[in-house]
Every structure is written in C-alpha cells, then in structure tokens.
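Letter by letter, the chains look like this.
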Amino acid sequence: MQRTRTAGLLSSRRMLAGLLLIGVASLGLMGLGATSASAATAVPTTACVANATTGCIQGTIKQGNGDPAVGVRLTVTNGDTTENLVTDAAGKWGVAITVAGPSTVTLDTTSLPSGNTLDPSIANPATVNGGLGRNAGTIFKLVSGESTGLSTSAPSTGDSATTGSVTWERFLQQAASGIRLGLLLALASVGLSLIYGTTGLSNFAHGEQVTLGGLLAFVLANQLGLNLFLAAFLTVAVCAATGYFQDALIWKPLRKRGLPNTQLMIVTIGLSIALQYAFQFFIGAKTVRIDKANPVTVEIGPITLSVQSLWAMGIAVAVIILVGLFLLRSRIGRATRAVSDNPSLAAASGIDVDAIIRLVWTASAGLAGLAGVMLGLVLNGVNWQTGLQLLLLMFAAVTLGGLGTAFGALAGAMIIGMVVELTNLVLPGDFKYATALLILILVLLVRPQGIFGRRERIG
C-alpha cells in the first residue's frame, strides 16, 4: 500500500512538472509575440472612430491560408449613402456611418485573391445593424477549394483550412493553431472529466455551458457595454452559479432517488437540447461577436496569431496550472481526487461526498464558461451550437486521456488539438475531425483505459 501511494505521488509530481513546462513554454511564446506586435500591426485603409454622431462598420478578411486578403473590394450602403472600400495590407476595411439602422455590405467576389472563394454559408450581401456611437461588423469567411470549419455555420478553429504543398511555414502555423485549440479544449474538458470521475456521469449538456459562456460574454460586453475583462469575470461567475444550482436542483435529488447513470445521461441529453433552443430563442441563430473591434495580429516568424489568441492561450495556461496545483496541493483537491477514486471509501473516511460533487459541478461550469469566452474571442464569433460542435472533441480528449482524470483530459485535449489542426496539411475540410477520432480508436485498441487511466478488472 505504501509503495502504491509513493508511486502515485511520484506520478502526480511528474504530471505537475509537465504542466508547468507547458505553461512556461506557452507564456514564452506570448512574450516573444509581444516584442513583434508593433511591427505586425497594420492600419486600416479607412480609420473610423465612433462618437455621438458617427458609427462604424468594419471587419477583417483573411484568405483560406490565414494570410490577409489585400485589395478586396466592398460596397457599403447606409441610408442614401454608398461607399466603395478596398481592404488594406492587413485585410482590414472600415467605414463611418451617420444613419442608425441596417446597412448593406456587398463583397465583390471577383476581387478575391486567386484560389479563394467566399464560404457558401456566408450571406452576400450582408445586412449589418449599425448604430451611432458604436462599432458593428460582419464576417466574410474565405476558403480555398472546399468549405471547412466546425460547420457551415461557425468559424474554423484554425488559421489555415486548406490543403496544398506542405511547407515548414504551414506546419508551424498549424502547430500553433493546434496548441491553441488544445489549450481551449482542455479548459472545458477538465471539468467534464472531473464530473465523470466524481459521479460517473457523462454530461452531454457540458457543451451548452461553453455556449452559455460565449453568448453571455456577448450580451455583457456588447449589449450592456461592459469592459471586456469585467464581462469575462462576470460570465465565469454566472456560469459557475449555474453549475451550483444544476447540482442542487437536478442532479443531487436524482442521485438521492438512486437513478442509474444511464437515465441521468439521458437527462443531460434532454437538457442539452432544451438549452440549445433556449439560446436560439433569446439570441437567434446568427453568429455574434464578443469583441467587434478589428482583431490585431502578431507575427512570430512564419506564425500569425491574433492578440486575442495570445491572451486566450496565456489565460488557459494560467488557469490549468492553478487547477493542477489545487488538485495536488490543497486539502479539498485531495478530497476531490479521493472521491473520484472511490466515493464509498472517501465517505467512510469522513469526506462530505455531496459537498465535493457540488464543488466539482460549480468549478466545471465556471471553467466551461471561461472556455466559451476564450473560444468566442479566438473564433471571432459564437453561436447557439458552438459548444455542441466541440462536444465530440471534448469527449474524445477525455476518453483518450483517461476517463475521470483531470490531467488525462489535459493530455488528451493537447493531442486532439494538434491532430485536428495538423491534419489540414494533407487532408481537406472536416476530414481532420474524423482523423482525431481515428487516432482515439487506435489508442483505445492498444490502451483501453486511456493515457492516464487505470486498468480495472471487470467481472
């Protein structure tokens, strides 16, 4: 028994060391990016500053490979005024409006860079509801060849969504996108794994917690005009509260009734569907932007990332490290791991299992809400099914890393993120998601318990 505890402690220390190494490397990438930000930032062709009598409609257009789409022609009609625009060296465009209400933005598809087409899911002309004293925008997504992304209704998670010749530059760009996607998946997947570890429940409504985070940040930052950091903080707090009340009002009463996990899982599926349609009812089916300002890009050698991406990666690393330290060093964290390992034995040793489960639901919902905010900023948009589209990847990450293990969810998320983005180098479109699931199947055939899971005797 002592030898087993010692081995477990050494394993936890190795995982913590790896976690800290990932954090230092990613924060170093942010620091390097900050030194070159001033050189990589371009000034839009038409500068616009919103005030009491003027509003702004603006955006950024990128090619399918992530490069700026330069020289693209657009026409903006606002009231009786028509403006002809051309994107600048950073792919940015902007125009001032003096009449509040809907404006029409038309993209001249004949002016697109060679090899690029407008994603067929994007409306052209697009209608933008502009207002005086505020910024508004629309997304024109370009693709090379086949349309790609999470779906035809959501932006892609990567900076490059096309295949072609594999170059060192493309590899580095896709690897950076893979690290970014992996870190954001890990934020949401850790909570999903902790819920399974402490309750044995596969929560199919976890994706909607991610969606709730993104949409709530949109309401607070855009509709109520709060500072973006304050909106993010309030979003995480509200999402955490929803996790607390979910367990208090739904899951604990059902557990007390002795319902098996299969029936509880069906309840999560119903809750997921109900939340999706609630989001559609209150927000609509359109993609909304948390931050309507034009994204500022940073070049790190051949890698191009937005400032929002660097912030999201840094915050994700910091939060994941804090979660790891909490689980390894604090009394409550050790109690959480004990409940995940054996709830009956934990209860017999004096641990309040219900209180630990309530804490896990609260923290997991908060982490999912934070992931939704970060994804909304990185994707430059969020809609009612953003979390649903990521749910399969989250389950793949949790299963690959080992069901019920927080550190396994982190490892699985990083692997899934890298596989999803690097597959774009050789395969087109959404084949990248099929590849991630193929890797999952192959790993589970060799190690069914996942990377950090434990062998269990059945029967």
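Fair warning: this is a prediction, and the values are worked out from it, not measured in the lab.

**Notes on the overall build of the protein chain**
Inference 1: If you tally the helices and strands in the protein chain, you get 13 helices and eleven strands.
Inference 2: Counting across all 459 residues of the protein chain, residues that qualify as buried make up 50%.
Inference 3: Taking as baseline every contact in the protein chain between residues at least 6 positions apart, the subset at least 24 positions apart corresponds to 72%.
Inference 4: Total accessible area on the protein chain stands at roughly 20,600 Å², and carbon and sulfur atoms take up 64% of it.

**Quick word on the sheet that holds strand β1 (residues 55-60)**
Inference 1: Pairing within the open sheet is mixed, and its three strands lie in the order β4-β1-β8. Every other strand in the sheet has two partners, leaving β4 (92-97) and β8 (135-137) as the edge strands with one partner each. Taken pair by pair, the neighbouring strands of this sheet meet at an average axis angle of 25 degrees, ignoring direction.

**Details of the UniProt feature "transmembrane region" (unreviewed entry) in the protein chain**
Inference 1: Under the feature "transmembrane region" (unreviewed entry), the UniProt entry names residues 181-204, 216-244, 264-283, 310-328, 359-379, 391-419 and 431-447.
Inference 2: With 95% helix and 0% strand, the stretch residues 359-379 has end C-alpha atoms that lie 30 Å from each other.
Inference 3: For residues 391-419, helix accounts for 86% and strand for 0%, while the C-alpha atoms at its two ends are 16 Å apart.

**Quick word on helix α13 (residues 431-446)**
Inference 1: End to end, α13 covers 23 Å across 16 residues, agreeing with the expected 22 Å (1.5 Å per residue, within 8%).
Inference 2: Within the sequence span of α13, burial applies to K432, Y433, T435, A436 and L440. Taken down its axis, α13 places every buried residue within 160 degrees of arc, on the same side. Among the exposed residues of α13, those pointing more than 90 degrees away from its buried face are F431 and L445.
Inference 3: Looking at the packing, one finds that the buried side of α13 touches α11 (386-401) and α12 (406-422).

**So, the sheet that holds strand β5 (residues 101-107)**
Inference 1: Taking strand neighbours across the sheet as the criterion, the four strands line up as β3-β2-β5-β7 in an open arrangement whose pairing is antiparallel. Of all the strands in the sheet, the pair left with one neighbour each is β3 (81-86) and β7 (126-130). Each neighbouring strand pair of the sheet contributes to a mean axis angle of 25 degrees, computed without reference to strand direction.

**Points about the nonpolar core**
If you look at soluble globular proteins, the nonpolar side chains tend to sit buried side by side.
Inference 1: Core analysis: the biggest nonpolar cluster contains 81 residues, and L187, M374 and I416 have the highest contact counts within it.
Inference 2: Examining the composition of this core, we find that 14 residues originate from one element, helix α10 (residues 353-378), more than from any other.
Inference 3: Leave out the neighbours within four places in its chain, and L187 touches A316, V319, I320, L367, L370, A371 and M374.
Inference 4: By size, the runner-up hydrophobic cluster in this structure holds 19 residues, among which are A69, V76, L85 and W93.

**Remarks on the packing of α11 against α13**
Inference 1: Contact geometry of α11 with α13 gives a least axis separation of 10 Å together with a crossing angle of 20 degrees. Taken together, the axis directions place α11 and α13 in an arrangement best described as roughly parallel. Our pair here, α11 against α13, has a crossing hand that is left-handed. Touching L392, L393, A396, T399 and L400 of α11 are Y433, L437, L440, V443 and L444, all from α13.
Inference 2: Partitioned by chemical class, the residues of the contact of α11 with α13 number nine nonpolar, one polar and no charged.

**Considerations on the packing of helix α3 (residues 168-199) against α10**
Inference 1: Interhelical geometry of α3 versus α10 gives an angle of 160 degrees and a closest axis separation of 9 Å. As summarised for this structure, α3 and α10 are arranged roughly antiparallel, according to the angle between their axes. In this structure, the crossing between α3 and α10 has a hand that is left-handed. In this structure, α3 contributes R180, L184, L187, A188, V190, G191, L194, I195, T198 and T199 to the contact, and α10 contributes I357, V360, W361, S364, L367, L370, A371, M374, L375 and V378.
Inference 2: Its residues assigned to classes, the contact of α3 with α10 comprises 15 nonpolar, four polar and one charged.

**Points about the packing of aromatic side chains**
Inference 1: Inspection of the entire model under this criterion finds six aromatic pairs.
Inference 2: Ring plane angle 40 degrees and centroid distance 4.9 Å describe the contact between F204 and F395, whose orientation is recorded as tilted. With F204 in the loop between α3 and α4 (206-223) and F395 in helix α11, the pair connects residues that are 191 residues apart, well separated along the chain.
Inference 3: We classify F395 as buried; its relative accessible area is 17%.
Inference 4: Judged by centre distance (5.6 Å) and plane angle (70 degrees), the rings of F229 and W311 are edge-to-face. One end of the pair, F229, is in helix α5 (residues 228-256); the other, W311, is in helix α7 (residues 307-329), and 82 residues separate them in sequence.
Inference 5: The lysine or arginine in question, R358, covers the ring of Y244, its NZ or CZ lying 5.1 Å from the ring centre.

**Looking at the pairing of β1**
Along any regular strand the residues' side chains alternate between the sheet's two faces.
Inference 1: Counting buried positions along β1 gives five out of six residues, so the element sits mostly inside the fold.
Inference 2: Bridge count between β1 and β4: six bridges; the pairing is antiparallel. Its bridge partner lying in β4, C56 is registered against A96.
Inference 3: One ladder, built from three bridges, connects β1 with β8; its direction is parallel. Bridge pairing in β8 places Q58 opposite G137.

**Side note on a nonpolar patch on the surface**
Inference 1: There is a patch of nonpolar side chains on the surface, built from L438, I441, L442, L445 and V446 and spanning about 540 Å² of accessible area.
Inference 2: Relative to the assigned elements, L438 resides in helix α13.
Inference 3: Residue classification places L438 among the partly exposed residues on the basis of a relative accessible area of 47%.

Parameters and conventions
Residues numbered from 1 in each chain as written. Predicted model: local features only at pLDDT ≥ 70, side-chain atom pairs only at ≥ 80, totals over all residues. Heavy atoms only, no water. Helix = DSSP H or I, 4+ residues; strand = E, 2+ residues; numbered from the N terminus. Buried < 20%, exposed > 50% of the residue type's maximum accessible area, 1.4 Å probe, protein only. Contact = heavy atoms within 4.5 Å. Areas by Shrake-Rupley, 256 points an atom, 1.4 Å probe, with all protein chains shown as cover. Pairing = 2+ DSSP bridges. Axes fitted to C-alpha atoms, helices over the stretch in contact; angles between N-to-C directions. UniProt positions renumbered as here; feature names shortened; annotations may be inferred. Expected span 1.5 Å × (residues − 1). Arc of directions from axis to C-beta. Core = buried A, V, L, I, M, F, W, Y, C linked by side-chain atoms within 4.5 Å. Parallel < 35°, antiparallel > 145°, perpendicular 65-115°, else oblique. Left-handed = near helix turned anticlockwise from the far one by under 90°. Nonpolar A, V, L, I, M, F, W, Y, C, P; charged D, E, K, R; others polar. Phe/Tyr/Trp six-rings, centres within 6.5 Å; stacked < 30°, edge-to-face > 60°. Lys NZ or Arg CZ within 6 Å of the ring centre and 35° of its normal. Patch = residues over 30% accessible without salt bridge, like charges linked within 9 Å, V, L, I, M, F, W, Y side chains within 5 Å. Salt bridge = Lys/Arg side-chain N within 4 Å of Asp/Glu carboxyl O.

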